Amino acid sequence: MSSTIDDRFTAAHAGSAALHEEAVTRLPSGVTHDTRYFQPFPIYVERAAGARKWDVDGNEIVDFVMGHGALLFGHAHPLLVKAVQPLLEHGTHYGASHRLEIAWARAVQALIPSAEKVRFTSSGTEATMLAVRLARAATGRSRLLELRNHFHGWNDSVMTGARNSAGYVSSAGLPAAMTEAVTVVDQHDTKSIAAELESESYAAAICEPGGYSWGTCPLATSVLELLRDRTAATGALLIFDEVVTGFRASPGGVQSLVGVRPDLTALAKVLAGGMPGGAVAGRADLLDQMAFPSPGAGTPNGDRSPDGARDRVAHPGTFNANPLSAAAGIAALTEVRTGEPIRIANERSRRLCAGFNRAIREREVPGAAYGEASMVHVLLGQHVPPPTDGFTWSWGDAGPQSLVPETPDAVRWPFRRSLLNHGVDLMGGMGALVSCVHSEADIDEAIEAFQAALSDLRREDLL
């Protein structure tokens, strides 16, 4: 009898299995991030370079996780290594202001249309948390409008309507008062969006402007325009979560592509060139709520604005604008500004998506691949039409606009195991984040692996 997908996976990853056996005794489920959870155990990576990584068992893998989307330049890119290395000798944390944080802010402002001022954080979750706090402080209101399944990190303010790429809905442990302060509507339910924003109780509306889960369900530009119009009319703010799409959808993010300017933008991932880092960018008056008063105007703690309406917004953070992250971020954004990294990544993304759809047709399995910029999504085990242009999701053909069907777990897990058996790793919810260092040969190898994995599932009657 021929070996199964699971037999081959177990045999090829004995070292990872052994590490996982210890990890589950020390870490919840043996992992340190929800999307790193894997059945029956995750692979353990030893090193990475360019578009590839090598696990502890010596398996070479074409990587499309790309640091959860942070690695537009792939692993250990010489440009970024050169930028960071001197800081290891000069000092990794000054506990003081430094020149690089100014240059990093300048680089953000050169690309993001709405970035009048910038405040750095250590992650995307911290960026959305700060953006929401600024909105509540500015408006004196507490309610948020979220779009269903849009993911904004794991902070209490924004988990109510979230679903991350591992499929977990919201979270236990959220205070009732926090969830009650959030209204969640489907992203294309324009009647409900307009009706909710008639109220003057909302501090802000927050969304992923490319659609939920970094474009798994693309969002129509008309919805962004509606959100902009209605928030402006009632004094609420508009927050774009461009943690994934910032510097990837285009050099200036989705907002630059569609021409809709938010009040605040949350950024991370590509922002820091693969190092830890996030930021809130936006209107100067909103960011300046964190500014200290002029000498004699009050005390730094608990000081009030002249009209006494609100306290200053406090924002500490040990690793805000860390020199290592700033150096990598400046190097990355300087290169992004040329447009070339995004152009290359987008070309490779289209090649990958076309190859995946060709394999799906040839193997006669239900499913489709589609994408936006350098982000590709894969649906298997669902009867959906392929995109008419081979890449862009067509709502006219695909039906309801607020939800996209998911790959069933009974298909997703064996497929991802099979794909790893053939040397390719996708992002948790069946997605590929393509970098500018993926070569045409890398893409073609990934397509061959995809074809082989589909054949494996067909052979075991899983598709």
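Q: Please clarify how the overall build of the protein should be interpreted in this entry.
A: Within the protein one finds 16 helices and 15 strands. For 463 residues, the compact-globule estimate of 2.2 N^0.38 gives 23 Å, and the C-alpha radius of gyration of the protein, at 22 Å, lies within 12% of that figure. Counting only C-alpha atoms and orienting by the principal axes, one finds that the protein spans roughly 80 × 55 × 45 Å. Sequence-distant contacts in the protein: of pairs separated by 6 or more residues, those separated by 24 or more amount to 70%. Approximately 19,400 Å² of the protein is accessible, and the part contributed by carbon and sulfur atoms is 52%. Side-chain charges in the protein split into 40 positive and 52 negative, and the spacing between the mean points of these groups amounts to 4 Å.

Q: Is there a simple way to think about the sheet that holds strand β3 (residues 60–63) in this case?
A: Paired through backbone hydrogen bonds, the strands of a sheet run either parallel or antiparallel to each other. What the four strands build is an open sheet, ordered β1-β2-β3-β14; its pairing is mixed. Lying at the two open borders of the sheet, with one neighbouring strand each, are β1 (45–49) and β14 (424–425).

Q: What exactly am I supposed to notice about the packing of aromatic side chains here?
A: In this description, a pair of aromatic rings is defined by centroid distance and the angle of the planes. Applying the stated criterion across every chain, the model contains seven aromatic pairs. Plain terms: the ring middles of Tyr 37 and Trp 413 are 6.0 Å apart, the flat faces sit at 90° to each other, and that makes the pair edge-to-face. One end of the pair, Tyr 37, is in the loop between α2 (14–26) and β1; the other, Trp 413, is in helix α15 (residues 409–421), and 376 residues separate them in sequence. Assessed through its relative accessible area of 6%, Trp 413 is described here as buried. Aromatic rings pair up to connect Phe 9, Tyr 37, Phe 38, Phe 41 and Trp 413 into one cluster. Just above the ring of Phe 292 sits the side chain of Arg 312; from NZ or CZ to the centre is 3.8 Å. Taking the ring centre of Trp 413 as reference, the NZ or CZ of Arg 412 above it sits at 4.6 Å.

Q: Can you walk me through the packing of helix α3 (residues 78–90) against helix α12 (residues 323–336) in this structure?
A: Packed helices, taken two at a time, are described by their axes: the angle between them and the distance between them. Here α3 crosses α12 at 155°, and the two axes come no closer than 9 Å. Taken together, the axes of α3 and α12 are roughly antiparallel relative to one another. With respect to the hand of their crossing, α3 and α12 are arranged in right-handed fashion. For the pair formed by α3 and α12, the contact residues are Leu 79, Leu 80, Ala 83, Val 84, Leu 87 and Leu 88 on the first element and Pro 323, Leu 324, Ala 327, Ala 328, Ala 331, Ala 332 and Glu 335 on the second. Tallied by class, the residues present in the contact of α3 with α12 amount to twelve nonpolar, no polar and one charged.

Q: I would appreciate a short explanation of the nonpolar core in the present structure.
A: Soluble globular proteins tend to pack their nonpolar side chains together in the buried interior. Residues Trp 104, Val 108, Phe 120, Phe 247 and Leu 271 are the most contacted members of the largest nonpolar core, which totals 31 residues. Within the residue set of this core, elements represented by two or more residues are α3, α4 (99–109), β4 (117–121), β11 (278–282), α12 and α13 (340–363). The greatest single-element share of this core, amounting to six residues, is contributed by α12. Aside from chain neighbours lying at most four places away, what touches Val 108 is Ala 115, Val 118, Phe 120, Leu 267, Leu 271, Ala 281 and Leu 333. Core analysis: the second largest hydrophobic core is formed by 30 residues, Cys 353, Phe 391, Val 424 and Ala 432 among them.

Q: What is the right way to look at the sheet that holds strand β15 (residues 431–433) in this model?
A: Strand order in the open sheet formed by three strands is β12-β13-β15, with antiparallel pairing between adjacent strands. Sheet topology places β12 (367–372) and β15 at the edges, where each strand pairs with a single neighbour. Between one strand axis and the next, the sheet turns through 15° on average, direction left out of account. In the sheet, β12 pairs with strand β13 (residues 375–380) via six bridges, with the strands oriented antiparallel. Across the sheet, residue Ala 369 finds its bridge partner in β13, namely Val 378. Lying over the sheet, α13 contacts β12, β13 and β15, oriented at roughly 170° with respect to β12.

Q: Looking at this model, I keep getting lost on the pairing of β11. Mind explaining?
A: For β11, the tally of buried residues reaches five of five residues, placing the bulk of the element in the interior. Taking every second residue as pointing to the same face, both faces of β11 are buried, with Gly 278, Val 280 and Gly 282 on one and Ala 279 and Ala 281 on the other. Examined bridge by bridge, strand β10 (residues 264–267) and β11 share four bridges and lie antiparallel to one another. If you follow Leu 267 over to β11, its bridge partner there is Ala 279.

Q: Whenever I open this one, the pattern of salt bridges confuses me. Can you help?
A: Tallied over the entire structure, the rule returns 23 salt bridges. When the shortest N-O distance is used, the salt bridge between Arg 351 and Asp 444 registers 3.0 Å. In this pair, Arg 351 is assigned in helix α13 and Asp 444 in helix α16 (residues 440–459), connecting sequence segments 93 residues apart. Its relative accessible area of 30% is what places Asp 444 among the partly exposed residues. Residue Arg 412 is joined to Asp 409 by a salt bridge in which the shortest nitrogen-to-oxygen separation is 3.1 Å. Of this pair, Arg 412 and Asp 409 both sit in helix α15, separated by three residues, roughly a single helical turn. Given a relative accessible area of 45%, Asp 409 falls into the partly exposed group.

Q: How do you make sense of α12 when you look at a structure like this?
A: Given 3.6 residues per turn, any residue in an α-helix points the same way as the ones three and four places further on. Taking 1.5 Å per residue as the helical rise, α12 with its 14 residues ought to reach 20 Å, and the 20 Å between its terminal C-alpha atoms agrees with that figure. With twelve of 14 residues buried, α12 is to be regarded as a mostly interior element. For α12, the complete set of buried residues consists of Pro 323, Leu 324, Ser 325, Ala 326, Ala 327, Ala 328, Gly 329, Ile 330, Ala 331, Ala 332, Leu 333 and Val 336. Its side-chain oxygen 3.0 Å from the backbone nitrogen of Leu 324, Asn 322 forms the N-cap of α12.

Q: How should the packing of α4 against α12 be read in this particular structure?
A: Where α4 meets α12, the closest approach of the two axes is 9 Å, and the angle between their N-to-C directions is 35°. Our pair here, α4 against α12, has a crossing hand that is left-handed. Counting all contacts with α4, which are made through Leu 100, Ala 103, Trp 104, Ala 107 and Val 108, the residues of α12 involved are Pro 323, Ser 325, Ala 326, Ala 327, Gly 329, Ile 330 and Leu 333. Of the residues that constitute the contact of α4 with α12, the class distribution is ten nonpolar, two polar and no charged.

Q: It is not clear to me how the state of the cysteines should be interpreted in this structure. Could you clarify?
A: As used in these notes, a disulfide is a covalent bond between sulfur atoms, one from each of two cysteines. One pass over the full model with this rule turns up zero disulfides. A disulfide-free cysteine, Cys 207 has its sulfur positioned 13 Å from the sulfur of Cys 217, the nearest such atom. According to the relative accessible area criterion, Cys 207 is buried, its value standing at 1%.

Reading the values: rules and limits
Residues numbered from 1 in each chain as written. Predicted model: local features only at pLDDT ≥ 70, side-chain atom pairs only at ≥ 80, totals over all residues. Heavy atoms only, no water. Helix = DSSP H or I, 4+ residues; strand = E, 2+ residues; numbered from the N terminus. Rg over C-alpha atoms; globule rule 2.2 N^0.38 Å. Contact = heavy atoms within 4.5 Å. Areas by Shrake-Rupley, 256 points an atom, 1.4 Å probe, with all protein chains shown as cover. Lys, Arg positive; Asp, Glu negative; His and termini not counted. Charge placed at Lys NZ, Arg CZ, Asp CG, Glu CD. Pairing = 2+ DSSP bridges. Phe/Tyr/Trp six-rings, centres within 6.5 Å; stacked < 30°, edge-to-face > 60°. Buried < 20%, exposed > 50% of the residue type's maximum accessible area, 1.4 Å probe, protein only. Lys NZ or Arg CZ within 6 Å of the ring centre and 35° of its normal. Axes fitted to C-alpha atoms, helices over the stretch in contact; angles between N-to-C directions. Parallel < 35°, antiparallel > 145°, perpendicular 65-115°, else oblique. Left-handed = near helix turned anticlockwise from the far one by under 90°. Nonpolar A, V, L, I, M, F, W, Y, C, P; charged D, E, K, R; others polar. Core = buried A, V, L, I, M, F, W, Y, C linked by side-chain atoms within 4.5 Å. Salt bridge = Lys/Arg side-chain N within 4 Å of Asp/Glu carboxyl O. Expected span 1.5 Å × (residues − 1). Polar contact = N/O pair within 3.5 Å; in protein donor to acceptor, adjacent residues only side chain to side chain. Disulfide = S-S within 2.5 Å.

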